[in-house]
Amino acid sequence: MINPVNHHSIAPAQVLRGPGAWDQALGPIAALAQRPLLLGRSAATAGLRQSRRADLEAAGLDVSTAELRYDCCEADLTRLAAELELHRSDAVIAMGGGKVLDAGKLLAHRHGLSCITVPTSAATCAGWTALANVYTPEGAFLGDVALARCPDLLIFDHSLVRLAPPRTLASGIADAMAKWYEASVSSGSSGDGLVQQTVQMARVLRDQLMLEAEAALHDPHGAAWERVVEACGLTAGLIGGIGGARCRTVAAHAVHNGLTQLPASHGHLHGEKVGFGVLVQLRLEEVLGGNQLAAQARRQLLPLFRRLGLPVNLEQLGLAGESLQELEQACAFACRADSDLHHLPFAVGSSDLLAALVSTCSSERQPA
């Protein structure tokens, strides 16, 4: 029996990447499925899904389509289960952003179906991972679900990803950079060789993004763009797969999870909240951990995040008008007993986190 501590779902069985990857994928898709469900959500990509459905049907597949009404949540998953049964689907093709990809992976996992992910942005590495985040219908984070395996096929077509707004790439950069800031804290002193190597991969990823993020956003047709989108959509997922549960998220993602409890934050992307969470984590390390290197890292990130258009304070996250009680509730959720925040090497309470939230960018105006 495999010890679950050492079990790693490292990568999709197949990865097709680059311009034209979708066209090359039609054969591998047909080898996995004859009656796939094509899952999406955004109205902005509805035409894209319609044309890709036509491609699949031209390849001889019997395709049904469905759309999420919410984020990845039980209400949608229950409804979609009935559609799978009605159509006798043998695979799920999830095409969209991170929450669509998570929903497709979880749906395929629960029903024993092949899973194919087609990211339409580089905002997260959800197309790669054996993990799904579950939310309430209102968009509040509930928890994550570990899946039996990574997708059977990941199609990372640069031509599709290039259609996404630049904001999604900035969000993906922040989310990918968090790998280093979180893994170095939770796993930097690990004696496990594989984990040690994974932490160093996260450092290299962070360095590459710091060097090339702005160039990538400036020129979506340049070589830097290709490297950065693959770093965010693929390499970040590989790091999570190799490191497994031993390379844990820490405060940055816990802050994201807490902020999702506030409806005013729902207009901001996953990586935007995670990026702010990185700044908050560094502030906690500085104030509670006495780590001056963390203070230096925060000062290094702030100007970069501003240039990328990422939010660096509560006001920019749309939360300046939240009451103290609402912010306290978000902090209480982020600090709940099973939170990844507690992988920090010192104790953090709700009041500590609240103080860090409002002082992360001390030169900025803070909400009352």
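Structure: see above.
Residues numbered from 1 in each chain as written. Predicted model: local features only at pLDDT ≥ 70, side-chain atom pairs only at ≥ 80, totals over all residues. Heavy atoms only, no water.

Moving on, we get to the layout of surface pockets. A water-sized probe, rolled over the atoms, reveals where empty space remains. The computed volume of the second largest pocket comes to approximately 230 Å³. In terms of lining, the second largest pocket is formed by 15 residues, of which the most central are W180, Y181, L293, A294 and A297. Contributions of two or more residues to the lining of the second largest pocket are made by α6 (166-187), α7 (193-218), α10 (270-287) and α11 (292-307). Counting residues per element, the lining of the second largest pocket draws most heavily on α11, which supplies 5 residues. Across the lining of the second largest pocket, the residue classes tally to 8 nonpolar, 4 polar and 3 charged. (1 Å grid on protein atoms, 1.4 Å probe; cavity = no way out; pocket = protein on both sides within 12 Å on 5 of 7 lines; lining within 4 Å. Points joined across faces, edges and corners; volume = space filled by probe spheres on them. Helix = DSSP H or I, 4+ residues; strand = E, 2+ residues; numbered from the N terminus. Nonpolar A, V, L, I, M, F, W, Y, C, P; charged D, E, K, R; others polar.)

Turning our attention to the packing of aromatic side chains. Counting across every chain of the model gives 2 aromatic pairs. Here Y135 and F141 contribute two aromatic rings whose centre-to-centre distance is 5.8 Å and whose plane-to-plane angle is 80°, an arrangement assigned as edge-to-face. Each of the two residues, Y135 as well as F141, counts as buried. Taking 6.5 Å as the distance between ring centres and 90° as the angle between the ring planes, the aromatic pair formed by F141 and F333 counts as edge-to-face. In this pair, F141 is assigned in strand β7 (residues 141-146) and F333 in helix α12 (residues 324-334), connecting sequence segments 192 residues apart. The burial state of F141 is the same as that of F333; both residues are buried. Among the aromatic residues, those joined into a cluster by ring pairs are Y135, F141 and F333. Against the face of Y135 rests K99, its NZ or CZ located 5.0 Å from the ring centre. (Phe/Tyr/Trp six-rings, centres within 6.5 Å; stacked < 30°, edge-to-face > 60°. Buried < 20%, exposed > 50% of the residue type's maximum accessible area, 1.4 Å probe, protein only. Lys NZ or Arg CZ within 6 Å of the ring centre and 35° of its normal.)

So, about the side chain of E212. Relative to the helices and strands, E212 resides in helix α7. Taking the relative accessible area as the measure of exposure, E212 reaches 17% and is therefore buried. Apart from residues no more than four positions distant in its own chain, E212 is found in contact with A224, R227 and V228. (Contact = heavy atoms within 4.5 Å.)

Moving on, we get to the sheet that holds strand β1 (residues 14-18). Note: strands within a sheet are paired through backbone hydrogen bonds, in either parallel or antiparallel orientation. The strand order β1-β8-β5-β4-β2-β3 describes an open sheet built from 6 strands, whose pairing is parallel. Because the sheet does not close on itself, it has two edges, and the strands there are β1 and β3 (64-67). Here the average twist between neighbouring strands, direction ignored, is 15°. Its contacts with the sheet place helix α2 (residues 46-58) against β2 (36-40), β3 and β4 (91-96), and it is angled at close to 165° to β2. (Pairing = 2+ DSSP bridges. Axes fitted to C-alpha atoms, helices over the stretch in contact; angles between N-to-C directions.)

Moving on to the packing of helix α1 (residues 21-32) against α2. Viewed as axis vectors pointing N to C, α1 and α2 meet at an angle of 45°, and their least axial separation amounts to 10 Å. Taken together, the axes of α1 and α2 lie oblique to each other. Seen along the crossing, α1 lies across α2 with a hand that is right-handed. Contacts between α1 and α2 involve W22, L26 and I29 from the former and R52, D55 and L56 from the latter. Taken together, the residues of the contact of α1 with α2 sort by class into 4 nonpolar, no polar and 2 charged. (Parallel < 35°, antiparallel > 145°, perpendicular 65-115°, else oblique. Left-handed = near helix turned anticlockwise from the far one by under 90°.)

All right, on to empty space enclosed by the protein then. Considering all chains together, one arrives at 2 cavities of 30 Å³ or more under this definition. In this structure, the second largest cavity occupies an estimated 30 Å³ of space. V255, G258, L259, A330, C331, A334, L353 and L357 together form the lining of the second largest cavity. Here the residues of the lining of the second largest cavity sort into 7 nonpolar, 1 polar and no charged.

What follows concerns the pattern of salt bridges. Side-chain pairs of opposite charge can arise where the charged atoms are in close proximity. If you walk through the whole model with that rule in mind, you get 18 salt bridges. Across the pair K105 and D102 runs a salt bridge, and its minimum N-O distance is 3.2 Å. Separated by 3 residues within a single helix, K105 and D102 lie in helix α4 (residues 98-111), roughly one turn from each other. Using a relative accessible area of 8% as the deciding quantity, one classes D102 as buried. (Salt bridge = Lys/Arg side-chain N within 4 Å of Asp/Glu carboxyl O.)

The terminal C-alpha atoms of α2 lie 18 Å apart, and with 13 residues this matches the ideal 18 Å at 1.5 Å per residue to within 8%. Within α2, burial applies to L48, R49, R52 and L56. What you see down the axis of α2 is that its buried residues fit within an arc of 95°, all on one side. Residues of α2 that are exposed and angled more than 90 degrees away from the buried face: Q50 and A58. (Expected span 1.5 Å × (residues − 1). Arc of directions from axis to C-beta.)

Another aspect to go through is the nonpolar core. L169, I173 and L209 are the most contacted members of the largest nonpolar core, which totals 47 residues. Going through the elements one at a time, β8 (153-157), α6, α7, α8 (223-243), α10 and α11 are the ones with two or more residues in this core. Among the elements that take part in this core, α6 stands out by supplying 10 residues, more than any other. With near-sequence residues (within four places) excluded, I173 lies in contact with L209, A213, V228, C232 and L308. Counting residues in each nonpolar core, the second largest holds 25 residues, with V280, L317, A330 and L354 among its members. (Core = buried A, V, L, I, M, F, W, Y, C linked by side-chain atoms within 4.5 Å.)

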